[in-house]
Amino acid sequence: MKLITLYKKYGVLFILLALVIFFSFAAPMFFSVTNLFNISKQVAIMAILSVGMTFVLLTGGIELSMGSVISLGVVLISKMVTEAGLPIAVSMLAAVVTATVLGFIDGLIIAKIKVPPLIITLGMQIFLYGFTYTICNGQPVYGIPVSLKWIGQTYVFGVIPVSAILMLIVILIGHFILTKTYLGRYFYAIGSNEETAKLSGINADKIRILAYTFCGCLVGIASIVMLGRIGSGQPSAGDGYEMDVLTGCVLGGVSLNGGKGNVAKAFAGILVIGVLSNGMALMGLDSFAQKMVKGVVLMLAVILDSLQFIEIRKKVKVVS
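Thresholds, definitions, all that
Residues numbered from 1 in each chain as written. Predicted model: local features only at pLDDT ≥ 70, side-chain atom pairs only at ≥ 80, totals over all residues. Heavy atoms only, no water. Helix = DSSP H or I, 4+ residues; strand = E, 2+ residues; numbered from the N terminus. Core = buried A, V, L, I, M, F, W, Y, C linked by side-chain atoms within 4.5 Å. Buried < 20%, exposed > 50% of the residue type's maximum accessible area, 1.4 Å probe, protein only. Contact = heavy atoms within 4.5 Å. Patch = residues over 30% accessible without salt bridge, like charges linked within 9 Å, V, L, I, M, F, W, Y side chains within 5 Å. Areas by Shrake-Rupley, 256 points an atom, 1.4 Å probe, with all protein chains shown as cover. Salt bridge = Lys/Arg side-chain N within 4 Å of Asp/Glu carboxyl O. Expected span 1.5 Å × (residues − 1). Polar contact = N/O pair within 3.5 Å; in protein donor to acceptor, adjacent residues only side chain to side chain.

Asks: So what's going on with the environment of Pro-28? Which residues, and what values?
Replies: Take Pro-28: it is sitting in the loop between α1 (2-26) and α2 (33-58). Separated by 219 residues in sequence, Pro-28 and Thr-247 have C-alpha atoms that sit 27 Å apart.

Asks: Hey, could you go over the nonpolar core for me, with residue numbers and the actual values?
Replies: Ranked by internal contacts, the top residues of the largest apolar core, which has 84 residues, are Ile-45, Leu-49, Ile-70 and Met-167. When residues in this core are grouped by element, the largest group, 14 residues, is from α2. Ile-70 has contacts with Ile-45, Leu-49, Val-219, Ala-222, Ser-223, Met-226 and Gly-238, leaving out every residue within four places of it along the chain.

Asks: Summarise a nonpolar patch on the surface; cite the residues concerned and give the values.
Replies: On the surface, Leu-93, Val-97, Val-101, Phe-104, Ile-105 and Leu-108 cluster together into a nonpolar patch covering about 480 Å² of accessible area. Here Leu-93 lies in helix α4 (residues 88-113).

Asks: Explain the pattern of salt bridges to me, using residue names and the numbers behind them.
Replies: All told, the structure shown has 6 salt bridges when counted by the stated rule. Between Lys-79 and Glu-83 there is a salt bridge, with its nearest N and O atoms 3.0 Å apart. The partner of Asp-244 in a salt bridge is Lys-294, with the nearest N and O atoms 3.3 Å apart. Remark: Lys-294 occurs in helix α13 (residues 287-319) and Asp-244 occurs in helix α11 (residues 241-251); sequence separation between them is 50 residues. Put simply, Lys-112, Lys-114 and Asp-205 are held in one network by salt bridges that share partners.

Asks: A description of unusual backbone geometry should follow, citing residues and the corresponding values.
Replies: Positive phi, normally seen in glycine, also occurs at Lys-114, with a value near 65°. Within the fold, Lys-114 resides in the loop between α4 and α5 (117-135). Even without being a glycine, Asn-137 presents a positive backbone phi close to 55°. For Asn-137, the position within the fold is in the loop between α5 and α6 (150-153).

Asks: Before we move on, can you summarise helix α12 (residues 263-282) with the specific residues and values?
Replies: End to end, α12 covers 28 Å across 20 residues, agreeing with the expected 28 Å (1.5 Å per residue, within 8%). When you tally the buried positions in α12, you get 15 out of 20 residues, the bulk of the element. Capping the start of α12 is the job of one residue whose side-chain oxygen sits 3.2 Å from the backbone nitrogen of Ala-264: Asn-262. Trailing α12 by a residue or two, Gly-284 shows a phi angle of about 90°, which is positive.

Following this line, the structure appears as structure tokens:
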């Protein structure tokens, strides 16, 4: 079990380093400055989502509707600006509020009615998938003004993506909340042992609702970045993002069992997924092969997480 302990501390960094070295030789263009900044642009959306996913996972929950909420946000903003003629700021705010409310609804149902998070977020994913395609008749929304694209396509000093700067701000905020505030400790507490947390005076339901609401807000922000990046209201814009984010978080040591993990390591896991996707694309692997590799990575990450959980349970039994 020493190997598991070593992986828990440094595993994701070793994996990231190994991938960088491998793709530097396998794909000559990989280690260029342009491509490295391109990777930061590509992982920005996943990294923003990973902060929200980390909060949810810490409480012992899961969020599988992220991709569908992003798609909804992208289409909503596009239609509000191009068809309804609403100001860009109002349209973006509407998307963030909508995503936040959807996160609140998920959290409320999970906390108060005790519906398993997997079921309610999967149901929300399916519903929103159909709803988004319905409101745009299955067709992309074009004619997005240039001013809407700056957050996803503009560079500071010609090299640093604006989306990467936003990503760092979100990561720092999430890290601060979890490490420097009492509220952050509450997320860990209810994920580690909800009954003990309740006996300590923590309102577990409110904390769980807050986790999903905060996650929803970040998904809304991610939808703005996504629209700026792709430049049109694609109803399939967010497809599959939740699984990449989940894989990255678990790779980074955020436990599916709750109570373990942090934003910094989750970001490292997201970098692994970003480097892996970028490297495979440069090597010419098709999307089907990439999905197989990502599937294997997710399974391995979950297996390692389960082994760590088993080790913790054994230690608890020994102490008892």
